[in-house]
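# Understanding the architecture of this molecule
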Amino acid sequence: MSVPTAEGEPAEGDGHVSAPGGAASVTVRVPAKVNVQLAVGAARPDGFHDLANVFLAVGLYDEITVTPADALRITCTGPDAAQVPLDATNLAARAAIALAARHGIDPRVHIHIAKDIPVAGGMAGGSADGAGALLACDTLWGLGSSQDELLDICAELGSDVPFSLLGGAALGTGRGEHLTPIDVDGGFHWVFAVADGGLSTPTVFREFDRLAEGTDIPAPTAAPALLAALRAGDPTALAATLANDLQPAALALRPSLADTLAAGTAAGALAALVSGSGPTTAFLVKSAAEAALVANSLLGSGTCRTARVADSPARGATVVEGP
Ligand code: C5P
């Protein structure tokens, strides 16, 4: 196999020995997410915020392929590959290092990320790569970790990483890492408008703190009506209850997002909101046909870089090629 890398060099075929399980490589597919409710509490002493974070996995995917190598390295392809760090700050590298450390082995692996999830867009693309690399390395190295063991490592890596592993729909509490799965009866159709450039999650949370200064911030709770709409697979009811407490902060930092939200609503979306910390905006629509129409209108509006359609809920991290 020859994988074109961000630097354009061939990545494989360099005389690797097989992993203990005998696999030459393992590929894991991991979905993006949208937060259908993101209720944010006051900043905690550790700098994080308590959340009631209702996650929904959506069908835009990164694929993580791990192959035995002489040393840990990362490559990335995809339209936004140039924005992905290829050093040890990448969550995929940190996942491989954390898993290897737990088992006293060397993380000698080449991690290739085929990136389709918008980068720094509020869709947990980095978290997806962390969860995907973790499952892929666990499979490649034949470790057979339980889901709970993997979820523990995910929580160390970042607040959204456990959900990327789990997928489906779930309520996240604490800083978002304690998950309670939610059964969804049916599915939802979405359009995502991808903005130019990213937004830094810590910066958006700091802006939330600044906007909230001097006000009483209630403890975050999930709205019963939203949870009921999600369980019932009812898009009209879900549209009426979508809520993101980070949206005012994202709009303050990127005022042009208001034009994108307005363009999607004018095109017939049931509801519009900023996805997580943004700047991707999410539009709930009633059908796949409607999604195509809204995506075309958004593209024509000139208020976004690109528009993507996706269905939900999507499966969590899944081995699609392996031993
Ligand atoms: O957990 P993660 O590394 O993804 O968080 C990135 C940043 O987002 C944190 O450093 C923090 O600034 C902010 N954050 C927060 N409260 C959360 C989750 C994230 O303030 N519950």
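Refer to the structure above for everything that follows.
Notes on the structure follow.

Criteria and thresholds
Residues numbered from 1 in each chain as written. Predicted model: local features only at pLDDT ≥ 70, side-chain atom pairs only at ≥ 80, totals over all residues. Heavy atoms only, no water. Near = heavy atom within 4 Å. Polar contact = N/O pair within 3.5 Å; in protein donor to acceptor, adjacent residues only side chain to side chain. Areas by Shrake-Rupley, 256 points an atom, 1.4 Å probe, with all protein chains shown as cover. Helix = DSSP H or I, 4+ residues; strand = E, 2+ residues; numbered from the N terminus. Nonpolar A, V, L, I, M, F, W, Y, C, P; charged D, E, K, R; others polar. Buried < 20%, exposed > 50% of the residue type's maximum accessible area, 1.4 Å probe, protein only. Arc of directions from axis to C-beta. Contact = heavy atoms within 4.5 Å.

### A closer look at the site of the ligand
Every residue close to the ligand is listed here: Gly47, Phe48, His49, Leu51, Gly158, Ser159, Arg175, Thr201, Pro202 and Phe205. Ser159 places a polar side-chain atom, nitrogen or oxygen, 2.6 Å from an oxygen atom of the ligand. Residue Arg175 places a main-chain N or O atom 3.0 Å away from a nitrogen atom belonging to the ligand. Contact with the protein chains covers 74% of the free accessible surface of the ligand, which is 450 Å². Considering every element that reaches the shell around the ligand, the biggest residue donor is helix α5 (residues 201-212), with 3 residues. Here the shell around the ligand is built from residues that sort into 4 nonpolar, 5 polar and 1 charged.

### Brief notes about unusual backbone geometry
A cis geometry characterises the amide bond from Gly278 onward to Pro279, with omega recorded as 5°. Checked against the element boundaries, Pro279 lands in the loop between β9 (271-274) and β10 (281-285). Note that the residue after Ser312, namely Pro313, is joined by a cis bond; omega there is -5°. Mapped onto the fold, Pro313 is located in the loop between β11 (306-312) and β12 (318-321). Positive phi is not limited to glycine here, since Ala120 has a value of about 50°.

### Focus on helix α6 (residues 224-232)
Of the residues making up α6, those classed as buried are Leu226, Leu227, Ala229 and Leu230. The buried residues of α6 all sit within an arc of 160° when viewed along its axis, so they share a single face. For α6, the elements touching its buried residues are β1 (26-43), β2 (49-68), β5 (169-173), β7 (188-194) and α7 (235-241). Where α6 terminates, the next one or two residues include Gly233, which has phi positive at roughly 65°.

### So, helix α9 (residues 257-266)
All buried positions along α9 are accounted for by Leu257, Thr260, Leu261, Ala263 and Gly264. Around the axis of α9, the buried residues are gathered within 160° of arc, so they sit on the same side. On the buried face of α9, the contacting elements are β7, α8 (247-253), β9, β10 and α10 (288-301). Trailing α9 by a residue or two, Gly268 shows a phi angle of about 110°, which is positive.

### Section: the environment of Asp196
Relative to the elements of secondary structure, Asp196 occurs in the loop between β7 and α5. Taking the C-alpha atoms as reference points, Asp196 and Cys304, 108 residues apart in sequence, are found 7.0 Å from one another. Not counting residues within four places of it along the chain, the set of residues in contact with Asp196 comprises Arg254 and Arg305. Of note is the side chain of Asp196, whose polar atom sits 3.4 Å from the side chain of Arg305.

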